[in-house]
Amino acid sequence: MDQVGEGRVSDEDKQLWARLRLAMVATLVMCSLLFGAGYFAFDRIVQANNSSVEQVARIERMRLIADRLADEAATLQTASSPAHGMLAQERFASALGEFARTAALVISTTLRVGDPAQVALLRRQPHGLAAMLEEAHALAVTAGETRDPAAARDARRASRKLSRLVGRRIDRGLSDLIQLKKTYLASLADRVSLMAKAVAGIALATFLIIWRLALRPILSTVAERTHALMAAKDDVERALLFDGLTGLPNRRNLLARLETLEIDAPLGVLHIDLVGLHAINTTLGWETGERLVSFAADNLGEIGLSEDLVARVNADAFVLAIPRAVDAEGLQDLAVTVIEQVGRPIEVFGTTVRLEVVIGIAARQGRVEPAAKLLANADIARSRAREEGGSVYFSTDMRQRLAARRQTAQELMQAIVAGEIEPHFQPQIDAKTGIITGVEALVRWRHPQRGLLNPLFFLEIAEKAHIDGRIGDIMLRRSLEALADWRAAGLPIPRLSLNFTAHALRNPDLCAQLMFALDRHDLSPADLSVEVLESALILDDDDPVMKTIEVLAAAGFHIEIDDFGTGHAALSCLRHQTVSRLKIDRSFVRDLHLRPRIRQMTEAMIQLAHTLEIEALAEGVETQSEWRLLRELGCDGLQGFGIGKPMAASDLPPWVEQHERRRTKGGFLPRAANG
Ligand code: C2E
Ligand code: CA
Ligand code: CA
């Protein structure tokens, strides 16, 4: 395939082109030869014909002059006086001269036309005639001059003889000449036909040579290439309609087949998603992934009936289309079978692996609904199944929700460009002294119509639309700008906490990017806390998130575990010495007073942190009693509405001023009895 690069001509093509050029030159030469020969032959025929007509006229004239000569000779014979004799002699001589001139013209024309037989004949005829004429002339002159009766008699005799001869010879010569003309024209025609045959022969030979040298190889190459092209077209068509790995129809093909059904014919669709395939591809390799896909394809082929259709519509998704009347329950049962069959563990290359399978179901029973819409509905139900697990039957509110989410994603994209995304900051303080220890940056969307929106509304949508990275960039840039400004204004903000998604932490260049951003504001890693949700931690040392965290910790960044106590990682994530603070989730703080068990758990978490020489900060502190209790439990830091709500960067300096005033006056810290 790579041979057929653009602008590249193969050696074979070059040779073919050379041959074609040769063939064209040969054809050109042959054509000019044919044309030249044709022109020559035509010219000869026309010329011969013209000269023949003229010759005949001339010969006719010669006959007339000959008749006149005979008359003059007779007059000469009967001349009664020398004067009469002289006159007749002069007239005879003049007729003789004209005869000779005409004869000469006939001869020269014949010579020019070039027929040798005619030339010989004419040479003989007029020459013999001329000799005789000369003789008669001489006699007439003598007779005229001498006026001797004997001489006159001789001249008369000679004239009579001449008259007879001229008559006879001219007659004969004329018929000979006409005969000759015919023969000559016939021979000319023979020659022309011979020439035509020769030309045809040459043309045939040239064509054969051209055929052998150029046309045949070109035609056979064209035939070969056309064949190859048709084969390639078949391959492309196959690739366009079938999946290369499983040989199953692809989405296009499936849709085309489903569209041949009546638009209200019973049809159920199972959109089957292999959830963990991507992770298996990246961890165990794509060979394992492909084995699993083939395994799924084989199993799906066995689950339905013969009229059911299986298609691979995506790298990690199949569709089982059921073109028969099956009710919702029946479809759900089929989905369960698929989940059990395709999701069962199998051994691939010595490792036992299994796929998590989720299924979206949609169906039309007697309802008019295009197949494409049914597939789209099953796909929507599948996204819900991804969140909930198992199988989910489509309902119309799912589509509305999806449309709303898409709309939000669209608006969010515009909001990013329009600068509507901004950080707000929530203060964190030391539980014992009330001294500000830092601020946490929390993202806000300043919506032109709906006001300030909090991240629970849009962050998940941003992640799904893959624009969370851009929001993260804005948060980093604008938060660091704010911190640099506060520092410049002498505000005591020792540290800034930023929230990072697991996706952001999978970026191996994150550390370098943070360092670069800090450097622009003369800040250092010690000024920044990286908050990682406990749920984002996968307890595998090879996980990219763990690797990034280790790199960040080594570079001097503070690492905090957010929402501690709610994720699955729990204690295991503290194995590493990279964590510098635990953020105890708001749900513990909220129930601190209500449930003694929660209080014991919170105390245990704080003690655990201290044992590991890690700070503990409580989130969501709303009341003075919560504050006091947490302080008694030994909690190091506090954050919550009770201390300060998240606020815009410009609102922080007045808040700090007020907080510092109250703190130094001692009126800020809750007293033990207060509450
Ligand atoms: P989080 O990191 O646990 O942030 C604390 C959340 O609790 C904030 O909600 C904050 O406004 C709220 N909060 C603080 N004190 C109190 C309190 O006393 N009572 C109550 N009821 N709530 C309190 P917010 O700003 O809506 O953020 C929600 C979550 O969104 C955050 O939870 C964090 O997980 C995520 N988030 C916020 N900003 C960002 C960001 O820039 N990047 C990333 N990746 N996630 C962010
Ligand atoms: Ca946080
Ligand atoms: Ca939190």
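What counts, and where the lines are drawn
Residues numbered from 1 in each chain as written. Chains lettered and ligands numbered in written order. Predicted model: local features only at pLDDT ≥ 70, side-chain atom pairs only at ≥ 80, totals over all residues. Heavy atoms only, no water. Donors = N, O, S within 2.8 Å, 3.2 Å for Na, K, Ca; no water. Helix = DSSP H or I, 4+ residues; strand = E, 2+ residues; numbered from the N terminus. Buried < 20%, exposed > 50% of the residue type's maximum accessible area, 1.4 Å probe, protein only. Pairing = 2+ DSSP bridges. Axes fitted to C-alpha atoms, helices over the stretch in contact; angles between N-to-C directions. Contact = heavy atoms within 4.5 Å. Nonpolar A, V, L, I, M, F, W, Y, C, P; charged D, E, K, R; others polar. Near = heavy atom within 4 Å. Polar contact = N/O pair within 3.5 Å; in protein donor to acceptor, adjacent residues only side chain to side chain. Areas by Shrake-Rupley, 256 points an atom, 1.4 Å probe, with all protein chains shown as cover. Salt bridge = Lys/Arg side-chain N within 4 Å of Asp/Glu carboxyl O.

Draft legend 1. Looking closely at the coordination of the calcium ion (ligand 2). Protein coordination at the calcium ion (ligand 2): the donors are E440 (OE), N499 (OD1), E531 (OE) and D562 (OD), at 2.1 to 2.3 Å from the metal. Here the donor residues for the calcium ion (ligand 2) map to a single chain with the spacing E-x58-N-x31-E-x30-D. Here the calcium ion (ligand 2) and the calcium ion (ligand 3) are spaced 4.1 Å apart, linked through D562, which binds each one. Linking N499 in strand β11 (residues 496-500) with E531 in strand β12 (residues 528-533), this pair joins segments that are 32 residues apart in sequence. The exposure class of N499 is partly exposed, given its relative accessible area of 35%.

Draft legend 2. Here's a closer look at the pairing of strand β1 (residues 267-274). The buried fraction of β1 amounts to eight of the eight residues, a majority that puts the element mostly inside the structure. Of the two faces of β1, the one holding L267, V269, H271 and D273 and the one holding G268, L270, I272 and L274 are both buried throughout. The sheet contact formed by β1 and strand β6 (residues 357-364) spans eight bridges and is antiparallel. Within β6, the residue paired with L270 across the bridge is I361. Sheet topology places β1 next to strand β3 (residues 317-322); six bridges connect them, and they run antiparallel. Looking at β3, one finds that G268 is bridged to I322.

Draft legend 3. Main features of the packing of helix α14 (residues 510-520) against helix α15 (residues 544-554). In contact at an axis separation of 9 Å, α14 and α15 are set at 35° when each is read in the N-to-C sense. Packed against α14, whose contacting residues are L510, C511 and L514, the element α15 presents T548, V551 and L552 at the interface. Class assignment of the residues belonging to the contact of α14 with α15 gives a composition of five nonpolar, one polar and no charged.

Draft legend 4. Focus on the site of ligand 1. By nearness alone, 23 residues border ligand 1, and Q426, R444, D562, E622 and F641 come closest of all. Note that an oxygen atom of ligand 1 is positioned 3.2 Å from one of the side-chain N or O atoms of E440. Separating a nitrogen atom of ligand 1 from a side-chain N or O atom of R586 is a distance of 3.0 Å. For ligand 1, whose free accessible area comes to 780 Å², the fraction covered by protein is 83%. A per-element tally of the shell around ligand 1 places strand β9 (residues 436-447) first, with four residues. Along the lines of polarity and charge, the residues of the shell around ligand 1 split into 10 nonpolar, six polar and seven charged.

Draft legend 5. Quick look at the pattern of salt bridges. The tally for this structure, following the rule as stated, stands at 29 salt bridges. Notably, a salt bridge pairs R386 with D273, separated by 2.6 Å at the nearest N-O pair. Here the residue R386 occupies a position in helix α9 (residues 371-388), and D273 occupies one in strand β1, the gap between them amounting to 113 residues. Given a relative accessible area of 1%, D273 falls into the buried group. Its salt-bridge partner being E657, residue R661 comes within 3.8 Å of it at the nearest N-O pair. Taken together, the residues span about one helical turn, with R661 and E657 both in helix α19 (residues 652-665) at a distance of four residues. A relative accessible area of 52% means that E657 is categorised as exposed. What emerges from the salt-bridge pattern is a single network uniting D273, D316, D379, R382 and R386.

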